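Observations on the model geometry
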Amino acid sequence: MTRLAATSSSFHYQWTYDVFINFRGEDTRHGFTGNMYHALSQKGVRTFIDDEELRRGDEITPTLLKAIENSRMAIIVFSKNYISSTFCLNELVKIHQCIKGKSRLVLPIFYDVEPSEVRHQTGNYEHAWTMHKINFRADKKKIQSWKLALHEIANISGLHFNPRHGYEYQFVDRIVKEISGKINRVPLHIAKYPIGLDSRVQKINSLLEIESNDKVYMVGIFGIGGMGKTTIARAVYNSIADNFEGLCFLHDIKENSRKLGLEQMQEKLLSKIARVDIKVEDINEGVELIKMRLMQKRILLILDNVDKCEQLEKLAGDCNWFGSGSRIIITTRDKQVLVMHGVERKYDIEAFNAKESLELLSWNAFRNNQVNESHMEVLNRAIVYAQGLPLALEVIGSNLCGMDVTEWESVLDLYKRIPNENIQQILKVSYDGLKQVEKEIFLDIACFFKAKDLEYVRYMVEQVHGFDPSYFVRVLEDKCLINIGKYCIEMHDLVQDMGREIVRQESPKEPGKRSRLWFHHDIIHVLEENTPVEGSEVTMKLDLSVLKRDTCRVLVKILAS
């Protein structure tokens, strides 16, 4: 048995703690922090408050490190003498790393200290730095990491309390309400086996720059169907949602805008983020309502499966519709939609590598990450067939679950001739959205011209259709159906299978009635049976009644090429 490395099987959102409290014990343990911890616990908020017995000198113990990493958010209690504690500062650096690398939420509390004193490191904070420099003269790198963490976290919007100007219990109630509002949000379901998500989520989060509060960014995620765009968008949502005032994930814009209309999509957006139920009678009125209600809010909006520019224009027309720090994520199969809307930050979703493919396939086929060596050959064959498409790996693995090696071989042989129906339906959505001339050119490329030189393809298609196909080839690339490489036109194997299956379904039993022929057995059958090739006058631009022999020569030439 071979145990696979869990590349992303640990990717989850089940925190051990809701809140980790970072504070200087001598200042607030038996007062404010102790009261806050008690109030949070009473409300069912799982809160970690470090026990001084866990401390060993100035270094953070593994227990504390784990508690920080497994906490959904952190509360930093900046008190007058906070900065004198090297232990607090070391914890702060770790929390800072979690904020930067994993988009964790942090709430700074300035208790009996002016926020400006902490942010600009004046007064007690300035004096403490002098003492640290004397005590840690040889470790300038550590001091620099403390300063950076303190500067960036202290500049996050937080809460200020002066015990001489207010009631502490009221301030604690305010904190509890704010925290409860955050942690009561239910995470979105991701996937049964969330393989390969970590690295992709991190790349998108780097484009989002969550730590930047003064700008609004739109980020587009594009790729062919079945690549996991929606799954990744859900994972990103879960990882950063705590950082925003308002949240909205609008699922399958393409389908829902057709069923419900964009006016109802606008209503949903306003209801989820602005918490108002407004009947939108006119789509342009909806635009004005979105601007009016959301321009002061820091929001996270995800528009899933967009296929038309109008959908973006009426739901997220411009960055200035939303408050500073807002983020809009768009998933689509059509890159041109993003280009036309001016979305500069784009992520071309990556296919699974061999390691990720094997892990996802194994979890779906065997329900664990252990692979019997006797299955490796057929597993590798399935991986080559799937070509890194997560949908295909999931479908194949699930369909073959419980079968022996011989049955796997038989099913994979069948897939090469007739694509799996579930995979076919998902991929075919992109084809169905094409105009007729685009469909014809796509089918030509799928049947004859994959991996052929771009100029050769342009020439051949122009001979058949009578016009330069350059624009339409670019449309197919924008819709992620082909990729224009340096020397040739590339196409995912399963996308090619989808196109060829569309042609095969024109006449499953009679090849001569199909518009295109590429399989040598079908061509030989047509030639030997002297069957008229129905539709070839469109594809080949030839008159069969006069030029049957020439038609055969063209077909043989295509086969030979």
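One structure accompanies this document, and this report is about it. Positions within a chain are numbered from 1, following the residues in the order the chain's sequence is written. In view of the model being predicted, local features appear only for residues whose pLDDT reaches at least 70, and side-chain atom pairs are presented and counted only at 80 or more, with totals across whole chains, interfaces and linings using the full set of residues. To obtain the side-chain values, all non-hydrogen atoms of the structure were used and water was disregarded.

Below, the discussion takes up empty space enclosed by the protein. In this analysis a 1.4 Å probe is tested at points of a 1 Å grid over the protein atoms alone, and where it fits but cannot get out there is a cavity; an open set with protein on both sides within 12 Å along at least five of seven lines is a pocket; lining residues have an atom within 4 Å of a point. Grid points are joined across faces, edges and corners, and a volume is the space filled by probe spheres set on the points. Summed over all chains, the structure comprises 3 cavities of 30 Å³ or more. There is about 70 Å³ of room inside the largest cavity. Residue assignment for the lining of the largest cavity shows that the elements contributing at least two residues are β4 (71–78) and α4 (86–102). Along the lines of polarity and charge, the residues of the lining of the largest cavity split into 8 nonpolar, 1 polar and 1 charged. A run of H or I in DSSP counts as a helix once it spans at least four residues, and a run of E counts as a strand once it spans at least two, with each numbered from the N terminus. Asp, Glu, Lys and Arg are counted as charged, while Ala, Val, Leu, Ile, Met, Phe, Trp, Tyr, Cys and Pro are counted as nonpolar; the rest, among them Gly, fall into the polar class.

Each pair of aromatic rings taken from Phe, Tyr and Trp, with Trp reduced to its six-membered ring, is defined by centres within 6.5 Å and is described as stacked if the planes are under 30 degrees apart, edge-to-face if over 60, and tilted in the remaining cases. A full pass over the atoms with the stated rule returns 19 aromatic pairs. On the numbers, 5.1 Å between centres and 70 degrees between planes, the contact of Tyr-17 with Phe-48 is edge-to-face. Of this pair, Tyr-17 sits in strand β2 (residues 17–22) while Phe-48 sits in strand β3 (residues 47–49), and the two are 31 residues apart along the sequence. Each residue's exposure class comes from its accessible area (1.4 Å probe, protein chains only) as a fraction of the maximum for that residue type: buried when under 20%, exposed when over 50%, partly exposed otherwise. On the basis of relative accessible area, Phe-48 is assigned to the buried category, the value being 9%. The interplanar angle of 70 degrees and the centroid separation of 5.9 Å between the aromatic rings of Tyr-237 and Phe-249 together place this pair among those described as edge-to-face.

So, about helix α18 (residues 390–399). Counting buried residues in α18 gives 7 out of 10 residues, a clear majority hidden from the surface. Along α18, the residues that are buried comprise Pro-390, Leu-391, Ala-392, Leu-393, Val-395, Ile-396 and Gly-397. Lining the buried residues of α18 we find α16 (354–366), α17 (376–386), α19 (405–417), α20 (421–432) and α24 (493–504). Throughout, a contact is declared for two residues whenever any of their heavy atoms are within 4.5 Å.

Let us now look at the sheet that holds strand β7 (residues 217–222). In any sheet, the strands associate via hydrogen bonds between backbone groups, in a parallel or an antiparallel arrangement. Across the sheet, 5 strands lie side by side as β8-β9-β10-β7-β11; this open sheet has parallel pairing. Only two strands of the sheet have a single neighbouring strand rather than two, namely β8 (246–250) and β11 (345–348). Pairs of neighbouring strands in the sheet enclose a mean axial angle of 15 degrees, with direction left out of account. Two strands are said to pair when DSSP picks up at least two bridges between them. One ladder, built from 4 bridges, connects β7 with β11; its direction is parallel. Orientation is described by axes fitted as lines to C-alpha atoms, over the contacting stretch for helices, and by angles from 0 to 180 degrees between their N-to-C directions.

Before going further, it helps to examine the sheet that holds strand β5 (residues 105–111). Read across the open sheet, the 5 strands follow the order β3-β2-β4-β5-β6; overall the sheet is parallel. Looking at which strands have only one partner, the edges of the open sheet turn out to be β3 and β6 (159–161). Taking each pair of neighbouring strands and ignoring which way they run, the sheet shows an average axis angle of 20 degrees. Pairing analysis gives 5 bridges linking β2 to β4, with the strands arranged parallel. From the neighbouring strand, Val-19 faces β4, where its bridge partner is Met-73. Contacts from helix α2 (residues 32–42) reach β2, β3, β4 and β5 within the one sheet, and its direction differs from that of β4 by about 155 degrees.

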